[in-house]
Amino acid sequence: MELIGISDCCHYFSGAVNIGYVNKEGQGLLIDSGIDKGTAKKVLKILKEHQLPIDHVILTHAHTDHYGGASYLQKELSVKLHAPQLEAAIMEHPILEPIYLWNGAVPIKKLRNKFLEGEPVIIDEFLVEGQQELGSFHFEAVHLPGHSYSQMGIIIDGILYGADSYFGTKVLEKHKVPFIVDAGATISSLEKLKSLTLQGALPGHGDYETAFDGTIQANIDCHNNIKLFLLNHIKSSTDGISMEALMKRMFDHFGLKAREIGQWLLYRTSFTAYISSLIEDGTVAISVNEYTLWLKGEPL
Ligand SMILES: [Zn+2]
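Because the structure is predicted, anything quoted here is derived from the model rather than measured.

(A) Local environment of the sheet that holds strand β14 (residues 284–289). What the 3 strands build is an open sheet, ordered β13-β15-β14; its pairing is antiparallel. The open sheet has two edge strands with one neighbour each: β13 (241–242) and β14. Judged from the 6 bridges that link them, β14 and strand β15 (residues 292–297) form a sheet pairing that is antiparallel. Its bridge partner lying in β15, Ile286 is registered against Leu295. Against the sheet, helix α8 (residues 213–236) touches β13, β14 and β15, its axis set at about 90° to β15.

Next up, the structure:
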């Protein structure tokens, strides 16, 4: 992990998950906290070496790699935590993630690990969309749902800390099917990013870029491509296809590897999100057939 400067006041800790850090008038703002106590400890150590403070913490969304370290920060520093309201509900009750992944049933113990269930925190204030002040910081929170229910990006001094609203191209190529909960909202959020005038942007996973339009477009193309693949498969199956059979084809086509149950469930959520958008677009119908959920192309 390394503290990298973007501008006079904007920095980030580079890693598998990037963590934003802004320093202004002797105050420090941390954007996300890393996955666990170990990561949060490293952040504190590096800031201490540079004699930099933390006064406020913004948590962009309720995925453990972004908020799991916040519990340690809350106990160690008594800093105030800020998060979007719906995301805050999960951060305060982290079992909700394994619950939703496990179809709403009480999750099996295997799913109750630090990758799917972070340490609980108490959120001090809800982060709302728009221009706002927080201590020495003036910033804009941008609502970027799709990857999670109510994710927020932060624009400060013309730099966007984009959370997981988009991924760096290498990350996108690796995952092939990114994690999403709403395909329509994911694409709308990406279109929103395209309309912003910024000096540069940092995704939660990937590199800081000053010219990031190509990366945003690669994300849009990725989602549209997956949606089209699924739609074509449904339409070419004259009698329709079961959700299970179609998901198997998606795994096969994109060469997805899920060694852990958790990984498989994350892919299933993305798959369900794409199917939802096809149903809501009116191009696919869903029913119960042969005891399974059945998809069929709607006649044009
Ligand atoms: Zn995420």
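(B) Highlighting the coordination of the zinc ion. Coordination of the zinc ion by the protein is provided by His61 (NE2), His63 (ND1), His147 (NE2) and Asp164 (OD), with metal-donor distances spanning 2.1 to 2.2 Å. Taken together, the 4 donor atoms coordinating the zinc ion span angles of 86 to 176° at the metal, a pattern that classifies the geometry as irregular. In primary-sequence terms, the residues that donate to the zinc ion follow H-x1-H-x83-H-x16-D. Residue His61 is located in the loop between β5 (56–58) and α2 (64–67), and its partner His147 is located in the loop between β9 (137–143) and β10 (152–156); the two are separated by 86 residues in the primary sequence. Per residue, the accessibility class of His61 equals that of His147, and both read buried.

(C) Quick look at the environment of Phe126. If you trace the backbone, Phe126 turns up in strand β7 (residues 125–126). Taking the relative accessible area as the measure of exposure, Phe126 reaches 45% and is therefore partly exposed. On a C-alpha basis, the gap between Phe126 and Glu173 in space is 34 Å, while along the polypeptide they are 47 residues apart. Look past the residues within four positions of Phe126 in its chain and what remains in contact with it is Ala83, Gln85 and Ala88.

(D) Just the pattern of salt bridges, in detail. In the structure shown here, the tally under the stated rule is 7 salt bridges. Notably, a salt bridge pairs Lys24 with Asp157, separated by 3.0 Å at the nearest N-O pair. In this pair, Lys24 sits in strand β3 (residues 19–24) while Asp157 sits in the loop between β10 and β11 (159–161), placing the two residues 133 residues apart along the sequence. Lys227 is the partner of Asp281 in a salt bridge, and the nearest nitrogen-oxygen pair spans 3.0 Å. Here Asp281, found in helix α10 (residues 261–281), pairs with Lys227, found in helix α8; they are 54 residues apart in sequence, far enough to count as distant. For Lys227, a relative accessible area of 16% translates into the label buried.

(E) Spatial organisation of the UniProt feature "domain: Metallo-beta-lactamase" (unreviewed entry) in the protein chain. Residues given the UniProt feature "domain: Metallo-beta-lactamase" (unreviewed entry) here are residues 16–205. When the span residues 16–205 is considered, its composition is 31% helix and 23% strand, and the gap between its end C-alpha atoms is 6 Å.

(F) Representation of the domain arrangement of the protein chain in the model. By the assigned domains, the protein chain splits into domain 1 (2–165) and domain 2 (227–297). Distance from the C-alpha centre of domain 1 to the C-alpha centre of domain 2: 32 Å. Of the roughly 570 Å² buried between domain 1 and domain 2 on both sides combined, carbon and sulfur atoms contribute 72%. Summed over the shared surface of domain 1 and domain 2, the result is 0 salt bridges. Where domain 1 meets domain 2, there are 2 residue pairs in polar contact (both at pLDDT 80 or more). Here the side of domain 1 that touches domain 2 is composed, by residue class, of 5 nonpolar, 1 polar and 2 charged.

About the criteria used
- Residues numbered from 1 in each chain as written.
- Predicted model: local features only at pLDDT ≥ 70, side-chain atom pairs only at ≥ 80, totals over all residues.
- Heavy atoms only, no water.
- Pairing = 2+ DSSP bridges.
- Helix = DSSP H or I, 4+ residues; strand = E, 2+ residues; numbered from the N terminus.
- Contact = heavy atoms within 4.5 Å.
- Axes fitted to C-alpha atoms, helices over the stretch in contact; angles between N-to-C directions.
- Donors = N, O, S within 2.8 Å, 3.2 Å for Na, K, Ca; no water.
- Tetrahedral: all angles 85-135°; square planar, octahedral: opposite > 155°, others 65-115°.
- Buried < 20%, exposed > 50% of the residue type's maximum accessible area, 1.4 Å probe, protein only.
- Salt bridge = Lys/Arg side-chain N within 4 Å of Asp/Glu carboxyl O.
- UniProt positions renumbered as here; feature names shortened; annotations may be inferred.
- Domains from an automatic or database assignment.
- Buried area = accessible area lost by both parts, 1.4 Å probe.
- Polar contact = N/O pair within 3.5 Å; in protein donor to acceptor, adjacent residues only side chain to side chain.
- Nonpolar A, V, L, I, M, F, W, Y, C, P; charged D, E, K, R; others polar.

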